[in-house]
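In case you want the letters, here they are:
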Amino acid sequence: MKEILDIIAAYTIASNEGKRMALATVVHVEGSSYRRPGARMLVTDDGMLTGAISGGCLEGDALRKALLAINQQQNKLVTYDTSDEDDAKFGVQLGCNGIVHILFEPIDPSLDVHPLHLLQELSAKRQEGVLVTLFSLSHPQLAVPGTCLLVLPDTAVSEQLYKEQYGAGLLEDANHALLTRKSFIGEYLFGEHLLTAFVEFLRPPVALVIAGAGNDAFPLAAIAGILGWQTTIIDGRATHANRQRFPKADKVIVAKPDQVLSQVEVDDQTVFVLMTHNYNYDLALLKNLLEQEKAVYIGSLGPKKKLDRMIGEMEDEGIKIKASQLQRIFGPVGLDLGAETAEEIALSVASEIKKVLSEASGLSLRDKREPIHQHQSDKNSVDL
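Residues numbered from 1 in each chain as written. Predicted model: local features only at pLDDT ≥ 70, side-chain atom pairs only at ≥ 80, totals over all residues. Heavy atoms only, no water.

Named according to an unreviewed UniProt entry, the protein chain is Xanthine and CO dehydrogenase maturation factor, XdhC/CoxF family originating from Pedobacter westerhofensis.

Next comes the structure, spelled out in structure tokens:
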């Protein structure tokens, strides 16, 4: 989501300056690639790039393709094949032994619905959504809708366009993707043309709530900022929780433990790290967080004995802690990286949060037998 937010910010600036733009999106990958479907890059007519569609090997040629799309004002699908010697001659050389399909879409701000408008609608609130991009693998130069449908929990942007021109089948599948929270690649027959749809499920950014405004919270907040996470700092001490100490945090709140949850919106992308170094504060907040089922990650800084003591005291008070609740508590917090300094501990904590939210193993990629990136599931061809 950070890449999308960066692209939206760059689009706003470029639009105000009257620049012409194109959006490049990785829509399909066969084999291995540095970026997977959903990677995006905004290109302006003066050569400014925001985002990335590869590790750097494609950007030069992609700039030329984007400028062509801007000048011709037509969507274009471009395929880069690492097994093709001609691609190597042009200096592409992906080094990933895969085929990458990238859709270039010129942006016309005067239109009611265009790709950046849909991305803006998606990011306007903390909400999940499904973005649909249509293209043709068999006829790359075919004029296609491109990124043209956004389905949100309470609405669908350009829904009427789909019902009038393409029928309701793809819209129904997009709603199903929102329900199952899974992206997929599908094929749909529109008139005489078979089009491929990249139906992409997108989550809001991670919301990290750091309970504790001590100096050791600085590096964790900084790493979260680099990752594009929305960061909230909470502490009972106004001398510590303030804008002077955390100028880049999204929110800085001075609150007692019982006041925290009334000031923080909790969804399944919200994570907490308890690091106040105040035992009673952490204990009181932990009691409240255990009742929040959407809080899938609660990190507790400090030794295992501290967490065991807090759990023991809650049980002595008659609080029955379920196994499912214990499963959401991570203490001592972080992955075993041999961390010693505050910066290293912050890296360990952020890595564990990413692992939990991604439902990943945390193993070294060297030891992973399956592909690094799992491909979207394919759906059978559908006539609309």
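After presenting the structure, the write-up continues.
**Some thoughts on the overall build of the protein chain**
Along the backbone of the protein chain there are 11 helices and 18 strands. For the protein chain, the proportion of its 384 residues judged to be buried stands at 47%. When contacts within the protein chain are restricted to residue pairs at least 6 apart in sequence, long-range pairs at least 24 apart make up 62% of them. Surface exposure of the protein chain reaches about 19200 Å², of which carbon and sulfur atoms provide 50%. (Helix = DSSP H or I, 4+ residues; strand = E, 2+ residues; numbered from the N terminus. Buried < 20%, exposed > 50% of the residue type's maximum accessible area, 1.4 Å probe, protein only. Contact = heavy atoms within 4.5 Å. Areas by Shrake-Rupley, 256 points an atom, 1.4 Å probe, with all protein chains shown as cover.)

**Some remarks on helix α8 (residues 279-289)**
Along α8, the residues that are buried comprise Y279, Y281, D282, L283, L285, L286 and L289. Considering only its buried residues, α8 is in contact with β11 (207-211), β12 (230-235), β14 (270-274), β15 (297-300), α9 (304-316) and β16 (329-330). Near the N-terminus of α8, the side chain that reaches the backbone nitrogen of N280, with its oxygen 3.2 Å away, is that of N278. (Polar contact = N/O pair within 3.5 Å; in protein donor to acceptor, adjacent residues only side chain to side chain.)

**A word on the side chain of S136**
By the secondary structure assignment, S136 is in the loop between β6 (129-135) and β7 (146-152). Judged by its relative accessible area of 2%, S136 is buried. At 2.9 Å, the side chain of S136 and the backbone nitrogen of H139 are in polar contact.

**Considering the packing of helix α7 (residues 217-227) against helix α11 (residues 342-358)**
Close contact between α7 and α11 brings their axes to 8 Å; oriented N to C, the two are set at 45°. Taken together, the axes of α7 and α11 are oblique relative to one another. Taken as a pair, α7 and α11 cross one another with a handedness that is right-handed. On α11, the residues touching P219, L220, I223 and L227 of α7 are A342, E343, A346, L347, V349 and A350. Class assignment of the residues belonging to the contact of α7 with α11 gives a composition of nine nonpolar, no polar and one charged. (Axes fitted to C-alpha atoms, helices over the stretch in contact; angles between N-to-C directions. Parallel < 35°, antiparallel > 145°, perpendicular 65-115°, else oblique. Left-handed = near helix turned anticlockwise from the far one by under 90°. Nonpolar A, V, L, I, M, F, W, Y, C, P; charged D, E, K, R; others polar.)

**Some thoughts on the sheet that holds strand β13 (residues 251-254)**
Pairing between sheet strands relies on hydrogen bonds along the backbone, with the strands arranged either parallel or antiparallel. The strand order across the open sheet formed by six strands is β13-β12-β11-β14-β15-β16, and the pairing between neighbours is parallel. Strand pairing shows two members of the sheet lacking a second neighbour, β13 and β16, which therefore form its edges. As defined by bridge partners, β15 adjoins β16 across two bridges and the pair is classed as parallel. If you follow I298 over to β16, its bridge partner there is I329. In this fold α8 packs onto β11, β12, β14, β15 and β16, with an angle of close to 155° to the strand it touches most, β14. (Pairing = 2+ DSSP bridges.)

**Brief notes about helix α1 (residues 2-16)**
Across its 15 residues, α1 extends 21 Å between first and last C-alpha, which sits within 8% of the 21 Å expected from 1.5 Å per residue. Within two residues after α1, G18 carries a phi angle of roughly 75°, on the positive side. (Expected span 1.5 Å × (residues − 1).)

**A few points about the pattern of salt bridges**
Two side chains that carry opposite charge are able to pair once their charged atoms sit near each other. A complete count under the given rule lists 16 salt bridges for this structure. Across the pair D61 and K65 runs a salt bridge whose closest N-O atoms are separated by 2.8 Å. Of this pair, D61 and K65 are both found in helix α2 (residues 59-72), four residues apart, which corresponds to roughly one turn of the helix. We classify D61 as buried; its relative accessible area is 12%. Among the residues examined, K65 registers a relative accessible area of 26% and is labelled partly exposed. Here the salt bridges do not stand alone but share partners, grouping E128, R181, R203 and D268 into one network. (Salt bridge = Lys/Arg side-chain N within 4 Å of Asp/Glu carboxyl O.)

**Notes on the packing of α8 against α9**
A packed helix pair is summarised by two numbers, namely the angle formed by the two axes and the spacing between the axes. Following both chains from N to C, one finds α8 and α9 inclined at 60°, their axes separated by 11 Å at the closest point. In terms of orientation, α8 and α9 fall into the oblique class. Along this stretch, α8 crosses α9, giving a crossing that reads as right-handed. Contacts between α8 and α9 pair Y279, D282, L283, L286 and K287 from the former with K306, L307, R309, M310, E313 and M314 from the latter.

**A word on the side chain of E352**
Locating E352 in the fold gives a position in helix α11. Of the side chains with opposite charge, K355 comes closest to the buried, unpaired E352, at an N-O distance of 6.4 Å. Not counting the four nearest positions on each side in its chain, E352 is found in contact with Y297, F330, V333, G334 and L335. (Lys, Arg positive; Asp, Glu negative; His and termini not counted.)

**A look at the nonpolar core**
Membership of the largest hydrophobic core comes to 26 residues, with the highest contact counts inside it found for L208, I210, L220, V273, Y297 and I353. If you list the elements that add at least two residues to this core, you get β11, α7, β14 and α11. If sequence neighbours within four positions are ignored, V273 has contacts with L208, V209, I210, A211, L220, Y297, G299, V349 and I353. (Core = buried A, V, L, I, M, F, W, Y, C linked by side-chain atoms within 4.5 Å.)

**Thoughts on the environment of E344**
Relative to the assigned elements, E344 resides in helix α11. By relative accessible area, E344 is classed as partly exposed at 36%. Placed 124 residues apart in sequence, E344 and L220 show a C-alpha to C-alpha distance of 9.3 Å.

**Quick look at the pairing of β14**
With five of five residues buried, β14 is to be regarded as a mostly interior element. The two faces of β14 match: T270, F272 and L274 on one face and V271 and V273 on the other face are all buried. Inspection of the sheet shows β11 paired to β14 by five bridges, in the parallel sense. Residue pairing across strands places A211 opposite L274, the latter belonging to β14. Here β14 pairs with β15 via four bridges, running parallel. From the neighbouring strand, F272 faces β15, where its bridge partner is I298. Handedness of the β-α-β unit built from β14, α8 and β15 comes out right-handed. (Right-handed = clockwise from strand over helix to strand, strands pointing away.)

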